[in-house]
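Remarks on the overall topology
Here are the chains, one letter per residue:
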Amino acid sequence: ITAGSTPTDGPWQLELAPGWNQVGNPFAFAVAWDSVRVEGGEARDAVVEPPVAWAAGAGYQDGVQVLEPWQGYWVKNITDPPRAVMLEIPAREAPVIEPAKTLADEEGWRITIRASAAGALDANTRLGCASGAAAGWDLLDRSEPPLSPERGLSVYFPHGEWDRHPGAYTADIRATMESTAGTSGHRWCFDVAKNFRDEDSGNTVSLEFSGQDAVSPDLAISLLDRVLGRVQDLRDTPDYAFHLGAVEAVNAAAAARFVLLVGDEDFVAGELEGLSIPPARTALHQNYPNPFNPETVIRWDVAEAGRVDLRIYDLAGALVKSVQAGDLPPGGYEFVWRGEDDRGRQVASGVYVYRLQAGATVQT
């Protein structure tokens, strides 16, 4: 197929409705985003957020500086009050673009969250502090793009409570600790949306956190899973995994599953005391699904720190799988059993039992 450029005797115009729009560069050459105009003026972030691209193996990438020929992008119209605007893409080839400044080039820091589940990926979610940022919406925040229609995975900050531009965000940047009077830390609430499940039990979602080294060593960094009641120090353990089926996005920060806290020890301890409720008792829960093929999720709660042993046996009493053998802090835990023994071999179809021993508690 022989393709040619859209006529270059003038800019290409297209109307952007309020909210997300899919747009493309109609020319046979790259165009710098900085040269794009909105209704004859500059495409300022206060009117239109910069484009979001999709890259195979990397997912959504925002902060696009160059519109490549005939490539498609998400662009969000954030006019307030909402109204349609005209986007003008000039027929002018992009010059060499200097790399965009990041928070690493300026005062502040950021932590990036990379989520993966059964081949789906969201690697662009970030939180942080920077001079000039605000507690609510500001020009450093970026909206979360629409969930991919097939095998979509999204890590986002729900801000339906914001007065300006409420919605879900992929970047939530706050003021630096020193410039926020009367506070000694920040709380970010985030959640995970997912539109697929490969098994009845769902899929394992892995979260990887990076950038903690840029945060002052005087500040604690803690992750709270409200569903399982678990708290994790992200400096010591930067990865977290949990099991999830198909789940729609929530709108309010109060409904988010995860809370990430950055602040001094007193701030983090105070926040956790008000947010986290440790299990009232040590308990072993019914696995789900049951019966199952090929995998099931086993959950248990630990009320007091100490040694925990969880093992799976066949009906003859022979040990099949040692799930947990060691000390655990208080909280909820889960394990996905895929029908394998301790040597990784698949066990025969049949009935199995699992047994928890934690302190004086023994349940089967």
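Residues numbered from 1 in each chain as written. Predicted model: local features only at pLDDT ≥ 70, side-chain atom pairs only at ≥ 80, totals over all residues. Heavy atoms only, no water.

When helices and strands are tallied, the protein shows one helix and 28 strands. Over its C-alpha atoms, taken along the principal directions, the protein stretches across nearly 80 × 60 × 35 Å. Contacts in the protein between residues far apart in sequence, at least 24 positions, make up 69% of those at least 6 positions apart. For the protein, the accessible surface area stands at approximately 18100 Å², while carbon and sulfur atoms represent 49% of it. Taken as two groups, the 29 positive and 52 negative side-chain charges of the protein have centres that lie 5 Å from each other. (Helix = DSSP H or I, 4+ residues; strand = E, 2+ residues; numbered from the N terminus. Contact = heavy atoms within 4.5 Å. Areas by Shrake-Rupley, 256 points an atom, 1.4 Å probe, with all protein chains shown as cover. Lys, Arg positive; Asp, Glu negative; His and termini not counted. Charge placed at Lys NZ, Arg CZ, Asp CG, Glu CD.)

This part covers the nonpolar core. Counting 35 residues, the largest nonpolar core has Trp109, Phe190, Leu207, Phe209 and Val262 as the members making the most contacts within it. For this core, the elements supplying multiple residues, two or more each, are β11 (108–117), β12 (120–130), β14 (153–159), β16 (185–194), β17 (203–210), β18 (220–225), β20 (239–244) and β21 (258–263). At five residues, β11 tops the list of elements feeding residues into this core. By size, the runner-up hydrophobic cluster in this structure holds 18 residues, among which are Leu14, Phe29, Val36 and Val48. (Core = buried A, V, L, I, M, F, W, Y, C linked by side-chain atoms within 4.5 Å. Buried < 20%, exposed > 50% of the residue type's maximum accessible area, 1.4 Å probe, protein only.)

This part is about the pattern of salt bridges. A complete count under the given rule lists 13 salt bridges for this structure. Between Glu340 and Lys321 there is a salt bridge, and its shortest N-O distance comes to 3.5 Å. Pair noted here: Glu340 is in the loop between β26 (331–337) and β27 (352–358) and Lys321 is in strand β25 (residues 319–328), with a separation of 19 residues, a long-range link. With relative accessibility at 14%, the residue Lys321 sits in the buried group. (Salt bridge = Lys/Arg side-chain N within 4 Å of Asp/Glu carboxyl O.)

Now for the sheet that holds β27. In space, the four strands of this open sheet follow the order β25-β24-β27-β28, with antiparallel pairing throughout. Taken across any chain shown, the strands that pair with only one partner, and hence form the sheet edges, are β25 and β28 (361–363). Adjacent strand axes in the sheet meet at a mean angle of 10° when their direction is disregarded. Note that β27 and β28 share three bridges and pair antiparallel. Looking at β28, one finds that Ala358 is bridged to Thr361. (Pairing = 2+ DSSP bridges. Axes fitted to C-alpha atoms, helices over the stretch in contact; angles between N-to-C directions.)

Another point: helix α1 (residues 265–275). All buried positions along α1 are accounted for by Phe267, Val268 and Leu272. Taken down its axis, α1 places every buried residue within 125° of arc, on the same side. Counted as exposed and oriented over 90 degrees from the buried face of α1: Asp266, Glu273 and Gly274. A side-chain oxygen of the first residue of α1 lies 3.2 Å from the backbone nitrogen of Asp266; this N-cap is Asp264. (Arc of directions from axis to C-beta. Polar contact = N/O pair within 3.5 Å; in protein donor to acceptor, adjacent residues only side chain to side chain.)

Moving on, we get to the side chain of Ser201. When you line up the elements, Ser201 lands in the loop between β16 and β17. The exposure class of Ser201 is buried, given its relative accessible area of 2%. Setting aside residues no more than four positions away along its own chain, Ser201 makes contact with His243, Tyr288, Pro289, Glu295 and Val297.

Moving on, we get to the side chain of Ser154. Residue placement: Ser154 occurs in strand β14. A distance of 2.7 Å separates the side chain of Ser154 from the side chain of Glu144, its partner in a polar contact. Apart from the residues within four sequence positions on either side, Ser154 is in contact with Asp122, Glu144, Leu147, Asp191, Val192 and Ala193.

By the definition in use, this model includes 14 aromatic pairs. Ring centres of Trp20 and Trp74 lie 6.0 Å apart, and the angle between their planes is 80°; on these two criteria the pair is classed as edge-to-face. A residue pair is termed long-range when its members are at least 10 positions apart, and Trp20 in strand β2 (residues 19–24) and Trp74 in strand β9 (residues 72–77) qualify at 54 residues. Taking relative accessible area as the criterion, Trp20 reaches 22% and is therefore assigned partly exposed. Seen from their ring centres, Tyr240 and Phe258 are 5.9 Å apart, and the 85° between their planes marks the pair as edge-to-face. (Phe/Tyr/Trp six-rings, centres within 6.5 Å; stacked < 30°, edge-to-face > 60°.)

Right, let's talk about the sheet that holds strand β23 (residues 296–302) for a bit. Read from one edge of the open sheet, three strands run β22-β23-β26, paired in antiparallel fashion. The open sheet terminates on both sides in strands that have one partner only, identified here as β22 (283–284) and β26. Pairing of β23 with β26, which is carried by seven bridges, proceeds in the antiparallel orientation. Along β26, the bridge assignment pairs Val302 with Gly331.

Moving on: a nonpolar patch on the surface. Together, Leu315, Val351 and Val353 make up a nonpolar patch on the protein surface, roughly 280 Å² of accessible area in all. By the secondary structure assignment, Leu315 is in the loop between β24 (306–314) and β25. (Patch = residues over 30% accessible without salt bridge, like charges linked within 9 Å, V, L, I, M, F, W, Y side chains within 5 Å.)

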